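Listed below, chain by chain, are the residues.
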Amino acid sequence: MAEDLNITKGSKEEQYINLLPQISGLLDGETDLVANLANITGALKEQFGFFWVGFYLVKGEELVLGPFQGPVACTRIKKGRGVCGTSWEKAETIIVPDVEQFPGHIACSSLSKSEIVLPLIHLKNVVGILDVDSEELNGFDHVDAKYLQEIIDLVNYTND
Ligand code: SME
């Protein structure tokens, strides 16, 4: 059973370091992918108050909206399109300090100013992406990339 998160203040790195074992605990013993992705978005939203945090999952030739926290979002993104589709195509984490400077950026919300997208990789294939959006410019850096990667590395895909 889930217990309330222990939300901390402190530097961004300290917050991630406090959050990681709690997310690990939430996922421990639960094999359902959607349930686990949903709790990751809830934990990230609760700790950091991100404008939008969520997953898109690869279905055929598209990314389809999965568990998220925040305003309603685009439901389908094609490979190579926007930041999410580019992260999928390149199998790389992408940090966008200013979305207006990213050619082809898909504006699900005009309030989103910067974002970070990480690919979910299972058996060498991208099976989805994690997208986090901020209302501020330069909302994300290598610290977010490092710890968000550690968080998605906790996901197991055994019930795919
Ligand atoms: N901005 C993303 C689309 C997803 S939303 O921001 C939730 C993109 O360009 O891929």
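Each residue is numbered by its place in its chain's sequence as written, counting from 1. With pLDDT at 70 or above as the cut-off, local features in this predicted model cover only qualifying residues; side-chain atom pairs require 80 or more to be listed or tallied, and sums for whole chains, interfaces and linings still use all residues. Water and hydrogen atoms were dropped before computing side-chain values, which therefore reflect all heavy atoms in the structure.

(A) The site of the ligand, seen in detail. Residues in contact with the ligand amount to 13 residues; listed here are only the nearest, Val83, Cys84, Ile106, Glu115 and Asp133. When the free accessible area of the ligand is taken as 310 Å², the share hidden by the protein chains comes to 98%. Each helix corresponds to a stretch of at least 4 residues labelled H or I by DSSP, and each strand to a stretch of at least 2 residues labelled E; elements are numbered beginning at the N terminus. When residues of the shell around the ligand are traced back to their parent elements, those giving at least two are β1 (52-59), α3 (82-90) and β6 (125-134). Broken down by element, the residue count for the shell around the ligand peaks at three residues, all from α3. Under this grouping Gly is polar, as are all residues other than the nonpolar Ala, Val, Leu, Ile, Met, Phe, Trp, Tyr, Cys and Pro and the charged Asp, Glu, Lys and Arg. For the shell around the ligand, the residue count by class is eight nonpolar, two polar and three charged. The cutoff for a nearby residue is simple: one of its non-hydrogen atoms must lie within 4 Å of the molecule or strand. Shrake-Rupley sampling with a 1.4 Å probe provides the accessible areas, and residues are treated as covered by the protein chains on show and by no other component.

(B) Region of the structure containing the nonpolar core. Side-chain atoms within 4.5 Å are what join buried Ala, Val, Leu, Ile, Met, Phe, Trp, Tyr and Cys residues into a set we call a nonpolar core. Any residue under 20% of the maximum accessible area for its type is buried, any over 50% is exposed, and the rest in between are partly exposed; the area is computed with a 1.4 Å probe on protein chains only. Counting residues in hydrophobic clusters, the biggest one holds 30 residues, and the most contacted among them are Tyr16, Leu44 and Leu148. Of all elements in the fold, only α1 (12-27), α2 (33-48), β1, β5 (114-122), β6 and α4 (142-152) reach the threshold of two or more residues within this core. Here, two residues are considered to be in contact whenever any of their heavy atoms come within 4.5 Å of each other. Residues contacting Tyr16, with those up to four places away along its chain left out, are Leu44, Phe48, Phe50, Val143, Asp144, Tyr147, Leu148 and Ile151. Formed by 16 residues, the second largest nonpolar core is a distinct cluster that contains Phe51, Trp52, Leu63 and Cys84.

(C) The side chain of Thr86, seen in detail. Along the polypeptide, Thr86 turns up in helix α3. Thr86 sits in the buried class, given a relative accessible area of 12%. With sequence-adjacent residues up to four places away left out, Thr86 is seen in contact with Gly80, Arg81, Ile94 and Phe102.

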